[in-house]
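What follows is each chain in one-letter form.
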Amino acid sequence: KAILSSNRNAPFNVESLFQDTDFQATLDRGVFEAMIEGPMLSRLTEPIQRSLSAANLSMANITQVEVVGGAWRVPKVQQILSKFFQENTEKKLVLGQHLNGEEAAA
């Protein structure tokens, strides 16, 4: 995920996958995004909506957005979240990248 965030493809290696046979391939960013599109990316905004509901807030109450965690590096994640906050807020919020994502999530 980290390599594919800044490169279009990355080596994929698994040592001793089966009977001491190594597996090597190249993974394309588009293929990776297609693999996670259904199971993960389709649910990306659900926790945001649940959190707002649990806090009795609406998108109108949001003034800033800071995204943390390793998945933030994935360009498709950035695209989906940017679109979500652009379409659902009057202020057209821009996603912040000011914090070190791994340190802030830890």
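The structure under discussion appears in the preceding block.
Below or above, wherever it landed, is the structure these notes cover. Treat the numbers as computed from the prediction; the structure is a model and nothing was measured.

**What about helix H2 (residues 29-37)?**
Each turn of an α-helix holds 3.6 residues, which means side chains three or four residues apart point in the same direction.
Move 1: Three or more residues of H2 are buried, namely Arg 29, Phe 32, Glu 33 and Ile 36. All buried residues of H2 fall inside an arc of 95° around its axis, so they share one side.
Move 2: Put simply, Asp 28 is the residue that caps the front of H2, since its side-chain oxygen is 2.9 Å from the backbone nitrogen of Gly 30.

**Concerning the pairing of strand S1 (residues 9-18)**
Move 1: Taken across its 10 residues, S1 has 1 buried, putting it largely on the surface.
Move 2: Pairing analysis gives 7 bridges linking S1 to strand S2 (residues 21-28), with the strands arranged antiparallel. In the strand pairing of S2, Asn 9 is matched with Asp 28.
Move 3: Where S1 hands over to S2, the hairpin turn is made up of 2 residues, of which Gln 19 adopts a positive phi near 50°.

**Description of the pattern of salt bridges**
Two side chains bearing opposite charge may form a pair once their charged atoms approach each other closely.
Move 1: A complete count under the given rule lists 1 salt bridge for this structure.
Move 2: Put simply, Arg 50 and Glu 46 hold a salt bridge, and the shortest N to O gap is 4.0 Å. Here Glu 46 and Arg 50 lie together in helix H3 (residues 46-54), a separation of 4 residues that amounts to about one turn.
Move 3: Judged by relative accessible area, which is 53%, Arg 50 ranks as exposed.
Move 4: For Glu 46, a relative accessible area of 34% corresponds to the partly exposed category.

Conventions we followed
Residues numbered from 1 in each chain as written. Predicted model: local features only at pLDDT ≥ 70, side-chain atom pairs only at ≥ 80, totals over all residues. Heavy atoms only, no water. Buried < 20%, exposed > 50% of the residue type's maximum accessible area, 1.4 Å probe, protein only. Helix = DSSP H or I, 4+ residues; strand = E, 2+ residues; numbered from the N terminus. Arc of directions from axis to C-beta. Polar contact = N/O pair within 3.5 Å; in protein donor to acceptor, adjacent residues only side chain to side chain. Pairing = 2+ DSSP bridges. Salt bridge = Lys/Arg side-chain N within 4 Å of Asp/Glu carboxyl O.

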